[in-house]
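# Remarks on the overall topology
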Amino acid sequence: MRGIDLYSPEAAQDPWPFVEQVREQGPVVWLDDVRRWAVTSDKLSRRILMNFERFTVEDQGKGPRLFGPEAFISMDDKDRHDALRGVWSVAFQRASLEALRGVITDVADRLLDEAEAPLRDGESVDAMATVCRDLPAYVIAYMLGVPAQMRPKVVEWSDKMGAVATIPPGQWRGDNPKWVEAKGALDALADYLMEQIAYRRGHPGEDLISQIVHSDVGRGLSDLAIMENSRQLLFAGNETTAKWLGHCMVVFGRRPDVLAELCADRSLVPNAIEEVMRWEPVVGLTFRTLRGGDFDLEGTPIKDGQRLLVLTAAAGRDPERWPDPGRFDIHRELKANLGFGYGMHSCLGVTLARLETQITIGRVLDRIPNFALAGDVTYSSFVLRGPDVVPVRLN
Amino acid sequence: MRISIEPSKCIASGACWQTAPKVFGQDEEGVVTLLTPQPPRDLWVQARDAAIGCPAAVITIEED
């Protein structure tokens, strides 16, 4: 297939015609422009993502990398990966995260305070900039033990790093000002985290950095490795959740009937936000490289060394798993979609992301249930997709 | 102890069968399988840990 540009404004604004075009050609389709096999089937995507030995993450081609090689998100060696991820697995469990409910609600309320005043004055406010973008960043900064007065700075660095998702990897160079800004933020954050790591060695706390520094596996790691793993959390957990929140605001804002249902029955909120994730996913695809020989993928011969685009966005609308997949329906039977990945590298922060989104949408329903969209919504990336701005007004 | 699972919610993180390999397994697509719905007492701690550790709230445990 030719002429499919994942980084085009068209694909970002409305990916679905492109996705369905690929799916029409079959469950596994060679894309000339990116020289990769695109996979649109939910079943085959799971099979690939389960098989971490053959479908690898480490080497995805030329160019700079967002996550360093020491971050477990980049690892194929299961033992090494599990040892690192295992340090934080308890911190990200339901029971541990329940203790953060108060903190998350406070952050949501503080951000809504900023938005509510101008809204009540009849003004239009960008929900993305005032609420969605910074909520997850403040929460993870808290979990990392960043002191209160430094959190706004960390959030600012995180915002700049996040802009990288809209720049094609081929342009991660000095002549792209957005990349220069993002790189500056990545480096500044690295320096800050290295300081914090050194500090926590002598002053252990309950935070995530102290946990890794003072763990068995952490004792065998360089500060750089610890930093890359910590910075990974700031990157993997911010833009993603912020964009999920943005999608929720847009989808619910466009569906006053759904909004009314959610206001009347809060027990519908968890399923509703999962349906937003399925219907408007944030992470649209994930990359894999085949190693260890050729592979027959349900009749398609993949050659050793070839690369794949697992189109998880397409899997979320696979008619074999989802009846009438193009329809947004909060009353669907709750089933996992691939929006949080699958298998070994499935999202560590999924429970946190759900908690943040449920609480924030809950506070929106409490405080400004009569919100409505006040303008057009644009999207600038297919790979990591969310609304650029969400203009809202009160009815 | 009686265990039940909702496999359709599973994202194959592996937390359950790595924690309690005699209680939970996985099918060829990585989705959780329940090897023993009423495990013996010596597996109860592992089973509870697996339920707590599941990121997708797939496992429910009933204890009298």
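Before reading further, recall that the structure is shown in the block above.
Here goes a summary of the coordinates provided. (Residues numbered from 1 in each chain as written. Chains lettered and ligands numbered in written order. Predicted model: local features only at pLDDT ≥ 70, side-chain atom pairs only at ≥ 80, totals over all residues. Heavy atoms only, no water.)

### Focus: the overall build of chain A
Check the secondary structure of chain A and you find 18 helices and 10 strands. Taking 21 Å as the expected radius of gyration for a compact globule of 395 residues, we find that chain A reaches 21 Å, a close match to that expectation. Taking all 395 residues of chain A together, the buried fraction comes to 56%. For chain A, the accessible surface area stands at approximately 16,100 Å², while carbon and sulfur atoms represent 52% of it. Side-chain charges of chain A comprise 47 positive and 58 negative groups, with the mean position of each set lying 2 Å from the other. (Helix = DSSP H or I, 4+ residues; strand = E, 2+ residues; numbered from the N terminus. Rg over C-alpha atoms; globule rule 2.2 N^0.38 Å. Buried < 20%, exposed > 50% of the residue type's maximum accessible area, 1.4 Å probe, protein only. Areas by Shrake-Rupley, 256 points an atom, 1.4 Å probe, with all protein chains shown as cover. Lys, Arg positive; Asp, Glu negative; His and termini not counted. Charge placed at Lys NZ, Arg CZ, Asp CG, Glu CD.)

### Brief notes about the overall build of chain B
Counting secondary structure elements, chain B contains 2 helices and 4 strands. Ordering the α and β elements of chain B from the N terminus gives β-α-β-β-α-β. Taking 64 residues into account, the globule formula puts the C-alpha radius of gyration at 11 Å, and chain B, at 10 Å, falls close to it. Its C-alpha atoms give chain B principal-axis dimensions of roughly 30 × 20 × 15 Å. Burial status across chain B gives 45% buried among its 64 residues.

### Overview of the interface of chain B and chain A
In this assembly, 18 residues from chain B lie in contact with 22 residues from chain A. Carbon and sulfur atoms supply 50% of the area buried between chain B and chain A, which totals about 1,500 Å² over both sides. The three residues of chain B that bury the most area against chain A are B:Ser8, B:Ile11 and B:Glu29, which together make up 39% of that side's buried surface. At the boundary of chain B with chain A, the tally comes to 1 salt bridge. Ranked by residue count, the leading element in the side of chain B that touches chain A is helix H2 (residues 44–53) of chain B, at 3 residues. Looking at the side of chain B that touches chain A, its residues break down into 10 nonpolar, 6 polar and 2 charged. (Contact = heavy atoms within 4.5 Å. Buried area = accessible area lost by both parts, 1.4 Å probe. Salt bridge = Lys/Arg side-chain N within 4 Å of Asp/Glu carboxyl O. Nonpolar A, V, L, I, M, F, W, Y, C, P; charged D, E, K, R; others polar.)

### Notes on the side chain of A:Asn176
Along the polypeptide, A:Asn176 turns up in the loop between helix H9 (151–162) and helix H10 (177–202). When near neighbours in sequence (up to four residues on either side) are disregarded, A:Asn176 contacts A:Ile167 and A:Gln171.

### Side note on the side chain of A:Asp134
Residue and element names in this part refer to chain A. With respect to the element layout, Asp134 can be found in the loop between helix H7 (127–132) and helix H8 (135–143). Although Asp134 is buried, it makes no salt bridge; Arg133 carries the closest opposite charge, 5.7 Å away. Aside from chain neighbours lying at most four places away, what touches Asp134 is Leu111, Ala129, Val155 and Asp159.

### Section: the packing of aromatic side chains
All names here are of chain A. Taken as a whole and assessed by the stated rule, the structure comprises 7 aromatic pairs over all chains. The ring centre of Trp16 lies 3.6 Å from the NZ or CZ of Arg317, which sits over that ring. Positioned above the aromatic ring of Tyr379 is the side chain of Arg385, whose terminal nitrogen or guanidinium carbon lies 4.1 Å from the ring centre. (Phe/Tyr/Trp six-rings, centres within 6.5 Å; stacked < 30°, edge-to-face > 60°. Lys NZ or Arg CZ within 6 Å of the ring centre and 35° of its normal.)

### Thoughts on H9(A)
Because an α-helix completes one turn every 3.6 residues, residues spaced three or four positions apart along the sequence face the same direction. Residue and element names in this part refer to chain A. Given a rise of 1.5 Å per residue, 12 residues ought to cover 16 Å, and the 16 Å separating the end C-alpha atoms of H9 matches this to within 8%. The set of residues buried in H9 consists of Arg151, Val154, Val155, Trp157, Ser158, Met161 and Gly162. Projected down its long axis, H9 carries its buried residues within an arc of 160°, all on one side. (Expected span 1.5 Å × (residues − 1). Arc of directions from axis to C-beta.)

### Observations concerning the environment of A:Gly220
All names here are of chain A. Take Gly220: it is sitting in the loop between helix H12 (216–219) and helix H13 (223–236). A relative accessible area of 69% means that Gly220 is categorised as exposed. With 24 residues separating them in the primary sequence, Gly220 and Trp244 have C-alpha atoms 36 Å apart.

### Quick word on H8(A)
Within H8(A), 8 of the 9 residues are buried, which leaves it mostly tucked inside the rest of the structure. A:Gly145 sits one or two residues past H8(A) and shows a positive phi near 80°.

### Some remarks on the sheet that holds strand S9 (residues 371–373) of chain A
All names here are of chain A. An order of S4-S10-S9 is seen for the 3 strands of this open sheet, with the pairing classed as antiparallel. The outermost strands of the open sheet, each flanked by one partner alone, are strand S4 (125–126) and S9. In this sheet, strand S10 (residues 391–394) lies alongside S4 in antiparallel orientation, the contact comprising 2 bridges. What sits directly across from Asp126, in S10, is Pro391. (Pairing = 2+ DSSP bridges.)

### Examining the pairing of strand S2 (residues 36–39) of chain A
All names here are of chain A. Alternating positions in S2 separate into two faces, Arg36 and Ala38 on one and Trp37 and Val39 on the other, with burial throughout. Bridging between strand S1 (residues 28–31) and S2 involves 4 bridges; their strand directions are antiparallel. Following the sheet pairing, Trp30 is matched in S2 by Trp37. Linkage of S1 to S2, two consecutive antiparallel strands, is achieved through a turn of 4 residues, within which Arg35 is found at a positive phi near 55°. As paired strands, S2 and strand S8 (residues 307–310) are joined by 3 bridges and run parallel to one another. Bridge assignment links Val39 to a residue of S8, and that residue is Val310.

### Side note on the sheet that holds S2(A)
Residues and elements named next belong to chain A. Pairing is mixed across the open sheet formed by 5 strands, whose spatial order is S1-S2-S8-S5-S3. Because the sheet does not close on itself, it has two edges, and the strands there are S1 and strand S3 (55–56). Here helix H3 (residues 42–50) sits on the sheet and contacts S1, S2, S3, strand S5 (286–290) and S8; the angle it forms with S8, its principal contact strand, is near 125°. (Axes fitted to C-alpha atoms, helices over the stretch in contact; angles between N-to-C directions.)

### Here's the deal with unusual backbone geometry
One non-glycine residue, A:Asp324, lies in the positive phi region at around 50°. Summarising the element assignment, A:Asp324 is placed in the loop between helix H17 (312–315) and helix H18 (350–367). The backbone phi angle of B:Ala12 is positive, close to 60°, even though this residue is not glycine. Mapping B:Ala12 onto the fold places it in the loop between strand S1 (2–5) and helix H1 (15–19).

Interpretation note: all reported values are geometric properties and have no functional meaning in isolation.
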